[in-house]
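Tertiary structure, described
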Amino acid sequence: MLKNKLTSVVCLGSALALSACGGPEAEDGAELSQQSAALTTASSQGCDYEATTVQITTSPPQYNIVITRTGGASCTLTTGQSVVVQTVPLAAPGTVSLSGSSMGLAVGFTMKNGWSGSAATIMAVRAVDPTTLSTTRNADIYCDYMTGSILTGGANISANGTDLSASGTKACKIGGKSGTYWVAKFTDFFTTTTPPVITTI
């Protein structure tokens, strides 16, 4: 049953990944800053937000993951305010997932873990304060050293609004365990730094 559920999540992530665009080759910085590679939306505390992935340089390639407050019927905060959550080196990040609750925003994506071409890909998870747009928690998920990379991943706030679940596929070991699929469960994601419980299949 768990495997079937995981497969559905992974397939959804793969379908979303197909919508991500490759970075442009143009050298003009102004043009690059306007190129969007991935877009998703969420709401928190009465305001709407969107996440975009923007290529900012081509040699070497770099990408900014940007969160922007877009409004909302009951939003009293400044519309159009944005912040760079992460600058990603060398390769475009995997499809960005954005979810929200009254506790805050959660952003998840895969990214190269460094400037070396051989650097592993990790799963990055960020907690963002919807009022200040500051990052309040970095919670990255790594493969065991020198065993491979995370392939795909997404993160979503649980129905209770406080916990978070991240899942995807991998080609590595996590905690000494092989397997194609991984799931990480965070308890009280916004208010603690408790490490996730990770299951692999």
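Report on the accompanying structure. Here the structure is a predicted model, which is why all the values come from computation and not from measurement.

1. Some thoughts on the nonpolar core
- Judged by nonpolar contacts, the single largest core of 20 residues is most densely connected at Tyr49, Ile67, Leu98, Leu105, Val107 and Phe109.
- Secondary structure elements with two or more residues in this core: β2 (47–58), β3 (61–71), β4 (82–89), β6 (104–112) and β7 (121–128).
- With 4 residues, the single largest contributor to this core is β6.
- Apart from the residues within four sequence positions on either side, phenylalanine 109 is in contact with Ile65, Gln86, Val88, Pro93, Gly94, Thr95, Val96, Ile122, Met123, Ala124 and Arg126.
- Residues Met123, Ile157, Ala184 and Phe190 belong to the second largest nonpolar core, which totals 19 residues.

2. Points about the pattern of salt bridges
- Within this structure, the stated rule accounts for 1 salt bridge.
- Notably, a salt bridge pairs aspartate 140 with arginine 126, separated by 2.6 Å at the nearest N-O pair. Linking aspartate 140 in the loop between β8 (135–138) and β9 (149–157) with arginine 126 in strand β7, this pair joins segments that are 14 residues apart in sequence.
- Using a relative accessible area of 4% as the deciding quantity, one classes arginine 126 as buried.

3. Here's the deal with the packing of aromatic side chains
- Enumeration according to the criterion identifies 2 aromatic pairs in this entry.
- Considering the side-chain rings of phenylalanine 186 and phenylalanine 189, the 5.4 Å spacing of their centres and the 75° angle between planes classify their relative orientation as edge-to-face.
- Relative accessible area serves as the criterion here: at 2%, phenylalanine 186 is assigned to the buried category.
- Summarising the aromatic geometry, the rings of phenylalanine 189 and phenylalanine 190 are spaced 5.2 Å apart at their centres and angled 75° between planes, so their arrangement reads as edge-to-face.
- Judged by its relative accessible area of 0%, phenylalanine 189 falls in the buried class.

4. As for the sheet that holds strand β12 (residues 197–200)
- Spatially, the 4 strands line up as an open sheet ordered β9-β10-β11-β12, and their pairing is antiparallel. In this open sheet, the two strands that pair with only one neighbour each are β9 and β12. Ignoring strand direction, the axes of neighbouring strands in this sheet form an average angle of 20°.
- Pairing between β9 and strand β10 (residues 164–171): 8 bridges, direction antiparallel. Within β10, the position partnered with isoleucine 150 by the bridge is lysine 170.

5. Section: the side chain of serine 149
- Topologically, serine 149 is positioned in strand β9.
- In this structure the side chain of serine 149 is engaged in a polar contact, spanning 2.9 Å, whose partner is the backbone nitrogen of threonine 121.
- Serine 149 has contacts with Ala120, Thr121, Cys143, Lys170, Ala171 and Cys172, leaving out every residue within four places of it along the chain.

6. A word on the layout of surface pockets
- In this structure, the second largest pocket encloses a volume near 210 Å³.
- Forming the boundary of the second largest pocket are Asn113, Ser118, Ala120, Ile122, Tyr142, Cys143, Asp144, Tyr145, Met146, Thr147 and Gly148.
- A breakdown of the residues in the lining of the second largest pocket according to their chemical character gives 6 nonpolar, 4 polar and 1 charged.

7. Topic: the sheet that holds β8
- Read from one edge of the open sheet, 4 strands run β5-β6-β7-β8, paired in antiparallel fashion. Of all strands in the sheet, those with a lone pairing partner are β5 (97–101) and β8, marking the two edges. Averaged over neighbouring strand pairs, the angle between their axes works out to 25° when direction is ignored.
- Pairing geometry for β6 and β7, over 8 bridges, is antiparallel. Note that in β7 the partner of alanine 106 across the bridge is alanine 127.

8. Some words on the pairing of strand β11 (residues 181–186)
- In terms of burial, β11 is a largely internal element, 5 of the 6 residues being buried.
- Relative to β11, β10 runs antiparallel, the two sharing 6 bridges. By the bridge assignment for β11, glycine 168 is matched with tryptophan 182.
- Relative to β12, β11 runs antiparallel, the two sharing 4 bridges. Within β12, the position partnered with alanine 184 by the bridge is isoleucine 198.

The rules behind these values
- Residues numbered from 1 in each chain as written.
- Predicted model: local features only at pLDDT ≥ 70, side-chain atom pairs only at ≥ 80, totals over all residues.
- Heavy atoms only, no water.
- Core = buried A, V, L, I, M, F, W, Y, C linked by side-chain atoms within 4.5 Å.
- Buried < 20%, exposed > 50% of the residue type's maximum accessible area, 1.4 Å probe, protein only.
- Helix = DSSP H or I, 4+ residues; strand = E, 2+ residues; numbered from the N terminus.
- Contact = heavy atoms within 4.5 Å.
- Salt bridge = Lys/Arg side-chain N within 4 Å of Asp/Glu carboxyl O.
- Phe/Tyr/Trp six-rings, centres within 6.5 Å; stacked < 30°, edge-to-face > 60°.
- Pairing = 2+ DSSP bridges.
- Axes fitted to C-alpha atoms, helices over the stretch in contact; angles between N-to-C directions.
- Polar contact = N/O pair within 3.5 Å; in protein donor to acceptor, adjacent residues only side chain to side chain.
- 1 Å grid on protein atoms, 1.4 Å probe; cavity = no way out; pocket = protein on both sides within 12 Å on 5 of 7 lines; lining within 4 Å.
- Points joined across faces, edges and corners; volume = space filled by probe spheres on them.
- Nonpolar A, V, L, I, M, F, W, Y, C, P; charged D, E, K, R; others polar.

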